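Take a look at the letters that make up each chain.
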Amino acid sequence: MALRLGDTAPDFTAQSTEGEISLYQYLGDSWGVLFSHPKDFTPVCTTELGRVAKLLPEFTKRNVKVLGLSVDSVDDHHRWKGDIEETQGTALNFPLLEDPSRKISTLYDMIHPNANDTLTVRSVFIIGPDKKIKLIITYPASTGRNFDEVLRVIDSLQLTANYQVATPVDWKDGQDVIVVPALSDEQAKAKFPKGFKAIKPYLRVTPQPNK
Ligand code: BEZ
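This write-up is about the structure you can find in this document. Since this is a predicted model, take the numbers as computed values, not measurements. (Residues numbered from 1 in each chain as written. Predicted model: local features only at pLDDT ≥ 70, side-chain atom pairs only at ≥ 80, totals over all residues. Heavy atoms only, no water.)

Here six bridges tie strand β6 (residues 122–127) to strand β7 (residues 133–139), and the two strands are oriented antiparallel to one another. Each residue of the ladder has a partner; that of valine 124, found in β7, is isoleucine 137. Counted along the chain from β6 to the antiparallel partner β7, the turn is five residues long, and its residue lysine 131 has a positive phi close to 70°. (Pairing = 2+ DSSP bridges. Helix = DSSP H or I, 4+ residues; strand = E, 2+ residues; numbered from the N terminus.)

Printed below as a string of structure tokens:
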């Protein structure tokens, strides 16, 4: 059964470039991003891993732990690390899981047989501190991901977990947000001391409440 939003992220134990990792133990109380790569020594994946390594302080600032996965062996991952450092100008500074038996790839439905029957697609799972899946994105092997977008979604997920707001199209941290329709105007007045603007009765905007 494919995983869906709100499902519990399955726990697993596997070898990685930083030794044996159990997902739940690794995440602790943090948020998590688990993302898959079709194969080692491939160009798009090489650029993605370099980008995530450079963005690691941004993930850490948001209390997010990142975890990559590629089905090839840890020995291959270690050899690939040198290429990533050489070509992307940064060392791989987070664990990359191996998955030769496809145990994790199968558990997380990362293999889409009509795309490729043995390699994973580019999956991204954002996992909350409650171990529930908060976001799933799937890209084809030929398209590198945009990890600025992953950070943007994390900002939205963390904000909307704590306030009764939603974030509009193309929203970025610091911009106005939407008051959830479930709140009456009276409730919204009490919840958002900076006030809100009703563009339509169902479209009410307020300054980002935690800024
Ligand atoms: C890549 O990461 O460059 C890649 C992997 C599989 C198919 C195509 C590209």
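This paragraph deals with the sheet that holds strand β11 (residues 203–206). An order of β8-β9-β11-β10 is seen for the four strands of this open sheet, with the pairing classed as antiparallel. A single partner strand is all that each edge strand has here, and the edge strands are β8 (165–166) and β10 (197–200). As judged from the two bridges shared by strand β9 (residues 177–179) and β11, these two strands associate in the antiparallel manner. Opposite isoleucine 178, over in β11, you have valine 205 as the bridge partner.

Turning to unusual backbone geometry, a few remarks are in order. Its identity as a non-glycine residue notwithstanding, asparagine 63 has a phi of 60°, on the positive side. Residue position: asparagine 63 is located in the loop between α2 (43–61) and β4 (64–70). Although it is not a glycine, aspartate 170 adopts a positive phi angle of roughly 60°. Assessed through its relative accessible area of 61%, aspartate 170 is described here as exposed. (Buried < 20%, exposed > 50% of the residue type's maximum accessible area, 1.4 Å probe, protein only.)

Right, let's get into the site of the ligand. The immediate surroundings of the ligand are formed by Pro38, Thr42, Pro43, Val44, Cys45, Arg122 and Ala141. Contact distances for the ligand include 2.6 Å between an oxygen atom and a backbone N or O atom of valine 44. Contact with the protein chains removes 74% of the 260 Å² of surface that the ligand exposes when unbound. For the shell around the ligand, the element with the highest residue contribution is α2, accounting for three residues. Here the residues of the shell around the ligand are counted per class, giving five nonpolar, one polar and one charged. (Near = heavy atom within 4 Å. Polar contact = N/O pair within 3.5 Å; in protein donor to acceptor, adjacent residues only side chain to side chain. Areas by Shrake-Rupley, 256 points an atom, 1.4 Å probe, with all protein chains shown as cover. Nonpolar A, V, L, I, M, F, W, Y, C, P; charged D, E, K, R; others polar.)

Here the focus is the environment of serine 101. Assignment of secondary structure puts serine 101 in the loop between β5 (96–97) and α4 (103–107). Between the alpha carbons of serine 101 and valine 71 there is a distance of 7.8 Å; along the sequence they are 30 residues apart.

Since the α-helix turns once every 3.6 residues, residues separated by three or four places project in the same direction. For helix α5 (residues 147–162), built from 16 residues, the straight-helix expectation of 22 Å at 1.5 Å per residue is met to within 8% by its first-to-last C-alpha distance of 23 Å. Burial in α5 covers these residues: Phe147, Val150, Leu151, Val153, Ile154, Asp155, Ser156, Leu157, Gln158 and Leu159. At the N-terminal boundary of α5, the capping side chain belongs to asparagine 146, with an oxygen 2.9 Å from the backbone nitrogen of aspartate 148. (Expected span 1.5 Å × (residues − 1).)

Turning our attention to the pattern of salt bridges. If you walk through the whole model with that rule in mind, you get 12 salt bridges. Its salt-bridge partner being glutamate 58, residue lysine 61 comes within 3.2 Å of it at the nearest N-O pair. Taken together, the residues lysine 61 and glutamate 58, both in helix α2 and three residues apart, mark about one turn of the helix. Given the relative accessible area of 61%, lysine 61 is considered exposed. The exposure class of glutamate 58 is partly exposed, given its relative accessible area of 27%. (Salt bridge = Lys/Arg side-chain N within 4 Å of Asp/Glu carboxyl O.)

Generally speaking, a soluble globular protein has its nonpolar side chains buried in company with each other. Grouped together as the largest cluster of nonpolar side chains are 28 residues, with contacts concentrated most on Val33, Phe35, Phe59, Phe94 and Ile126. Elements with a contribution of two residues or more to this core: β3 (31–37), α2, β4, α3 (74–88), β6, β7 and α5. In this structure, Ala14, Leu34, Leu69 and Leu97 belong to the second largest nonpolar core, which totals 18 residues. (Core = buried A, V, L, I, M, F, W, Y, C linked by side-chain atoms within 4.5 Å.)

Running from N to C, α2 and α5 cross one another at 30°; their axes reach a closest spacing of 10 Å. The angle between α2 and α5 places the two elements in the roughly parallel class. The handedness of the crossing between α2 and α5 is right-handed. Packed against α2, whose contacting residues are Glu48, Arg51, Val52, Leu55, Glu58 and Phe59, the element α5 presents Phe147, Asp148, Val150, Leu151 and Ile154 at the interface. (Axes fitted to C-alpha atoms, helices over the stretch in contact; angles between N-to-C directions. Parallel < 35°, antiparallel > 145°, perpendicular 65-115°, else oblique. Left-handed = near helix turned anticlockwise from the far one by under 90°. Contact = heavy atoms within 4.5 Å.)

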